[in-house]
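# Inside the fold
Here is how the chains run, residue by residue.
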Amino acid sequence: MKKLIIILGLIAAIIAVTLSTSRYSNYVMIPIAIAFISGMALVFLSKKEPSKTKPIQYIFLLVIMSLGLTIYKGVSKTIEVESTDQLNQQSEIDTDNPEKLLENRQIESKF
């Protein structure tokens, strides 16, 4: 039972780290939750019978890393939206007066 929880926790933690570094970072909370729950189960099982604590430490380390990467990607992601109103107005002006557009290009090319 304990080995099964260790394997499940480590696999979920590794999947969480790989998902948090990929473009599918929105789906990382499920493996993080599974790894955290298995880590907590291991802590309670190790209280009853003493054993090695290295797998528990690795699971929690990977969970913390994946949470940090997910938070970083969520905070640093910026949405760049340009004002389309100005572009639409400019295209309407250009289609209404093609002669002015040609005159402006000729003036710019002389310089």
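Above this text you will find the structure in question.
The structure presented is a predicted model; accordingly, all values stated were derived computationally and were not measured. (Residues numbered from 1 in each chain as written. Predicted model: local features only at pLDDT ≥ 70, side-chain atom pairs only at ≥ 80, totals over all residues. Heavy atoms only, no water.)

### Brief notes about the overall build of the chain
We apply this condition: Labels follow the DSSP assignment, with helices taken as runs of H or I lasting at least four residues and strands as runs of E lasting at least two, numbered in each case from the N terminus. The classification of residues rests on relative accessible area computed with a 1.4 Å probe and restricted to protein chains. Under 20% of the type maximum is buried, over 50% is exposed, and intermediate values are partly exposed. Here, two residues are considered to be in contact whenever any of their heavy atoms come within 4.5 Å of each other.
Scanning the chain from N- to C-terminus turns up five helices and zero strands. Counting from the amino terminus, the chain carries its helices and strands in the arrangement α-α-α-α-α. Taking all 111 residues of the chain together, the buried fraction comes to 23%. Restricting to contacts in the chain with at least 6 residues of sequence separation, those with at least 24 account for 66%.

### Quick word on the packing of aromatic side chains
Test applied: Two aromatic rings from Phe, Tyr or Trp, using only the six-membered ring of Trp, form a pair when their centres are within 6.5 Å; if the ring planes differ by under 30 degrees the pair is stacked, by over 60 it is edge-to-face, and anything between is tilted.
For the structure on display, the rule yields one aromatic pair. A ring pair is formed by Phe36 and Phe60, whose centres lie 5.8 Å apart and whose planes are at 70 degrees; its orientation type is edge-to-face. Here the residue Phe36 occupies a position in helix 2 (residues 29-48), and Phe60 occupies one in helix 3 (residues 54-76), the gap between them amounting to 24 residues.

### Observations concerning the packing of helix 1 (residues 2-21) against helix 2
Applied cut-off: Fitted lines through C-alpha atoms serve as axes, helices being fitted only where they are in contact, and the angles separating the N-to-C directions of these axes extend from 0 to 180 degrees. Relative orientations are named as follows: roughly parallel for angles under 35 degrees, roughly antiparallel for angles over 145 degrees, roughly perpendicular for angles from 65 to 115 degrees, and oblique for any other angle. Here a crossing is called left-handed whenever its near helix is offset anticlockwise from the far helix by less than a right angle, and right-handed whenever the offset is clockwise. Throughout, the ten residues Ala, Val, Leu, Ile, Met, Phe, Trp, Tyr, Cys and Pro are labelled nonpolar, Asp, Glu, Lys and Arg are labelled charged, and all others, Gly among them, are labelled polar.
Taken N-terminus to C-terminus, the directions of helix 1 and helix 2 make an angle of 150 degrees; their axes are 8 Å apart at the nearest point. Here helix 1 is positioned roughly antiparallel relative to helix 2, judged by the angle of their axes. For the element pair helix 1 and helix 2, the recorded crossing hand is left-handed. When helix 1 is examined against helix 2, the residues Lys2, Ile5, Ile6, Leu8, Gly9, Ala12, Ala13, Ile15, Ala16 and Leu19 are found in contact with a partner set consisting of Pro31, Ile32, Ile34, Ala35, Ser38, Ala41, Leu42, Leu45 and Ser46. Classifying every residue of the contact of helix 1 with helix 2 by side-chain character gives 15 nonpolar, three polar and one charged.

### Side note on a nonpolar patch on the surface
Applied cut-off: Like-charged residues within 9 Å of one another, or nonpolar side chains (Val, Leu, Ile, Met, Phe, Trp, Tyr) within 5 Å, are grouped into patches, provided each residue has over 30% relative accessible area and no salt bridge. Using a 1.4 Å probe, accessible areas were evaluated by the Shrake-Rupley method; residue-level cover was limited to the displayed protein chains. Counted as salt bridges are all cases of a side-chain nitrogen of Lys or Arg within 4 Å of a carboxyl oxygen of Asp or Glu.
Among the surface-exposed residues, Met29, Leu67, Ile71 and Val75 lie close enough to one another that they form a single nonpolar patch of about 380 Å² accessible area. Sort the elements by how many residues they give to the nonpolar patch and helix 3 lands first, with three residues. Counting through the fold element by element, Leu67 comes out in helix 3.

### A closer look at the side chain of Ser25
By secondary structure assignment, the location of Ser25 is in the loop between helix 1 and helix 2. Taking relative accessible area as the criterion, Ser25 reaches 11% and is therefore assigned buried. Residue contacts for Ser25: discarding those within four places in its chain leaves Leu19, Ser20, Thr70 and Lys73.

### Overview of helix 1
Because each turn of an α-helix spans 3.6 residues, side chains separated by three or four positions in sequence point in the same direction. What counts here: Multiplying one less than the number of residues by 1.5 Å gives the expected span of a helix. When we speak of the arc, we mean the arc of directions from the helix axis to the C-beta atoms.
A rise of 1.5 Å per residue sets the reference length of helix 1, with its 20 residues, at 28 Å; its end C-alpha atoms lie 29 Å apart and thus fit the reference within 8%. Those residues of helix 1 that sit buried are Lys2, Ile5, Ile6, Gly9, Ala12, Ala13, Ala16, Val17 and Ser20. End-on, the buried residues of helix 1 take up no more than an arc of 140 degrees, which puts them together on one face. Along helix 1, the residues that are exposed and aim more than 90 degrees away from the buried face are Lys3 and Leu4.

### Structural notes on the packing of helix 2 against helix 3
Interhelical geometry of helix 2 versus helix 3 gives an angle of 155 degrees and a closest axis separation of 9 Å. Overall, the two elements helix 2 and helix 3 adopt an arrangement that is roughly antiparallel. Along this stretch, helix 2 crosses helix 3, giving a crossing that reads as left-handed. Residue-level contacts link Met29, Ile32, Ala35, Phe36, Gly39, Met40, Leu42, Val43 and Ser46 of helix 2 to Ile56, Ile59, Phe60, Val63, Ser66, Leu67 and Thr70 of helix 3.

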